[in-house]
Protein chains: 2
Amino acid sequence: MNSFTEENYLKAIYKLSLNGVQGVSTNAIADKLATKPSSVTDMIKKLADKKLVSYQKYQGVNLTKKGSDVAVSIIRNHRLWEVFLVEKLNFKWDEVHDLAEELEHINTHKLTERLDEFLGFPKFDPHGDPIPDKDGNIIQHKDVTLSDLIRGEKAVVVGVKEHSKSYLNYLEQLQLVLGVEVEVKDIVEFDATMQILVNNKQVIISNQASKNLIVKKI
Amino acid sequence: MNSFTEENYLKAIYKLSLNGVQGVSTNAIADKLATKPSSVTDMIKKLADKKLVSYQKYQGVNLTKKGSDVAVSIIRNHRLWEVFLVEKLNFKWDEVHDLAEELEHINTHKLTERLDEFLGFPKFDPHGDPIPDKDGNIIQHKDVTLSDLIRGEKAVVVGVKEHSKSYLNYLEQLQLVLGVEVEVKDIVEFDATMQILVNNKQVIISNQASKNLIVKKI
DNA sequence: TTATATTTTTAGACTAATCTAAATTTTATT
DNA sequence: AATAAAATTTAGATTAGTCTAAAAATATAA
Ligand SMILES: [Mn+2]
Ligand SMILES: [Mn+2]
Ligand SMILES: [Mn+2]
Ligand SMILES: [Mn+2]
């Protein structure tokens, strides 16, 4: 089997591949995992030996089918556990990520499937991220963010691109949670600061914040 | 914090201490953890440095208050997760131990307490083992086993001393599960094989099996 | 109470994962 | 195309946990 560390590398490579990048760079992985490029090179070699990634020196790394399957399965676990923690144990959406980082590695088919069933086969996690189904199929978000809207447009909040505690906490204070409807009232031309309507309240939100909020136009 | 490995050592020492032994031996720990005595000596030294055990060369090891607290907390996690797996995810009692061995190390106060609450503050796990409360208080079984009974006595099954898959599976086939009433019909003098009544059915059970079944006389 | 057996510890080596510093390769810039 | 900058890899060291083989201490038995 794969160690927790190997699984975390696979997950990181998977996520970095989503931006259409062909050949994920050593530095990008090091950054994401808060480790050093030399450590990444070592691990990549090991993953390549195990046929989990394809790799040529200096050319970046790509997941094989096998590696991608492992990554998706870890992500499935992670998101199912986040749903469990929020729905069943009443955690808040800014509290569950770190716990899910640990729970995701208990990678037993039967446990995952039973958990999925217990939760009623949820399609999205508490941050709006799609949960891969048991065959690994995953619907990616269309990635329209609040910052893409123009004055007068309305949309529903469907996810976040940034998962830090401070961001999630901030959003909750503004009542900018999943499912809430927003309307763009005004945009400052200089720095794209937005004035929006949330639950009938006027809210001012920076571009830094609005470009991490995934929405669906209505 | 403590590594998974350290936690497993503490748990092993805790369990070996329950037999009233003063000074748990290196070999006993090695046996329980399926490792070598030399590895145990190394780890004991580390745990002693961390004030989790008290230890003098060649004299065996004892948990400190601090070490005992960690051990009890891991055991609490383990048993709560076993309840979760059986009650909520419909696992059978012979399937949950290995999963709980992994889940128990996600040792976060808040998670444990929320899980306890979600499960309705259970007092016993699926094998009849008592669950320590949040302050670490734990009621130990009185340890009367089926093999202690004499002809004609009746009792209720309240636990098992052996947790192997094969034993639990065997018991289930005989319908010897928690809460079931048994009556001793006959005992073979030679090897203490018992003939008992379970759910109105006659069952023959070896001493090997009967001495691992914890019961409460009625 | 010596000799023998058993238990425990030490010494030295190995693997996984990490790091720093130096060397190499690739990419960008003159 | 030559040079500078950035990215990547290699070399060598470190830490946690483990192991085997040998030495030392304790327990048992003649
Ligand atoms: Mn998460
Ligand atoms: Mn999430
Ligand atoms: Mn168990
Ligand atoms: Mn149990």
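Look above for the structure.
One structure accompanies this document, and this report is about it. The shown structure was predicted, so the numbers you read here are calculated from the model rather than taken from an experiment.

For the rest of this paragraph, the subject is the relation of the copies chain A and chain B. Mapping chain A onto chain B calls for a rotation angle of 180° and an axial translation of 0.0 Å; the resulting RMSD is 0.0 Å. The transformation relating the two chain copies, once decomposed into turn and shift, fits a two-fold axis. Residues of chain A ranked by C-alpha distance from the rotation axis are headed by A:Leu103, positioned 3.7 Å from it. When the interface residues of chain A are mapped onto chain B, 100% of them again fall at the interface, so both copies present the same face.

A few words on the packing of aromatic side chains. Taken as a whole and assessed by the stated rule, the structure comprises eight aromatic pairs over all chains. Each ring, one from A:Phe84 and one from B:Phe84, has its centre 5.0 Å from the other, and the planes form 55°; the classification is tilted. Within this pair, whereas A:Phe84 is found in helix α4 (residues 65-87), its partner B:Phe84 is found in helix α4 (residues 65-87), the two belonging to separate chains. Both residues of the pair, A:Phe84 and B:Phe84, count as buried. Ring centres 6.1 Å apart and planes at 80° place the aromatic pair A:Phe118 and B:Phe84 in the edge-to-face group. Of the two residues, A:Phe118 sits in helix α6 (residues 109-118) while B:Phe84 sits in helix α4, which places them in two different chains. Taken together through their ring pairs, the aromatic side chains of A:Trp81, A:Phe84, A:Phe118, B:Trp81, B:Phe84 and B:Phe118 make up a single cluster. In this arrangement the basic side chain of A:Arg114 is found over the ring face of B:Phe91, its NZ or CZ atom lying 4.9 Å from the centre.

The next point concerns the coordination of the manganese ion (ligand 1). Residues and elements named next belong to chain A. All of the protein donors around the manganese ion (ligand 1) are His78 (NE2), Glu82 (OE) and His97 (ND1); their distances to the metal are 2.0 to 2.2 Å. One chain supplies every donor to the manganese ion (ligand 1), and in sequence these donors are spaced H-x3-E-x14-H. Here the manganese ion (ligand 1) and the manganese ion (ligand 2) are spaced 3.4 Å apart, and both take glutamate 82 as a donor. A residue pair is termed a helical-turn pair when its members lie 3 or 4 positions apart in one helix, as histidine 78 and glutamate 82 do in helix α4 at four residues. Exposure remark for glutamate 82: the relative accessible area of 1% places this residue in the buried category.

Before going further, it helps to examine the sheet that holds strand β6 (residues 201-205) of chain B. All names here are of chain B. Pairing is antiparallel across the open sheet formed by five strands, whose spatial order is β6-β5-β4-β3-β7. Among the strands making up the open sheet, the edge pair consists of β6 and β7 (213-217). Each strand of the sheet is rotated relative to its neighbour by a mean of 45°, with strand direction disregarded. Summarising the sheet, strand β3 (residues 154-160) and β7 pair through five bridges and their orientation is antiparallel. Within the sheet, the bridge partner assigned to valine 156 lies in β7 and is lysine 216. On the sheet, helix α7 (residues 165-173) packs against β3, β6 and β7 and is oriented at approximately 150° with respect to β3.

Rules of the game
Residues numbered from 1 in each chain as written. Chains lettered and ligands numbered in written order. Predicted model: local features only at pLDDT ≥ 70, side-chain atom pairs only at ≥ 80, totals over all residues. Heavy atoms only, no water. Least-squares fit on C-alpha atoms with pLDDT ≥ 70 in both. Contact = heavy atoms within 4.5 Å. Phe/Tyr/Trp six-rings, centres within 6.5 Å; stacked < 30°, edge-to-face > 60°. Helix = DSSP H or I, 4+ residues; strand = E, 2+ residues; numbered from the N terminus. Buried < 20%, exposed > 50% of the residue type's maximum accessible area, 1.4 Å probe, protein only. Lys NZ or Arg CZ within 6 Å of the ring centre and 35° of its normal. Donors = N, O, S within 2.8 Å, 3.2 Å for Na, K, Ca; no water. Pairing = 2+ DSSP bridges. Axes fitted to C-alpha atoms, helices over the stretch in contact; angles between N-to-C directions.

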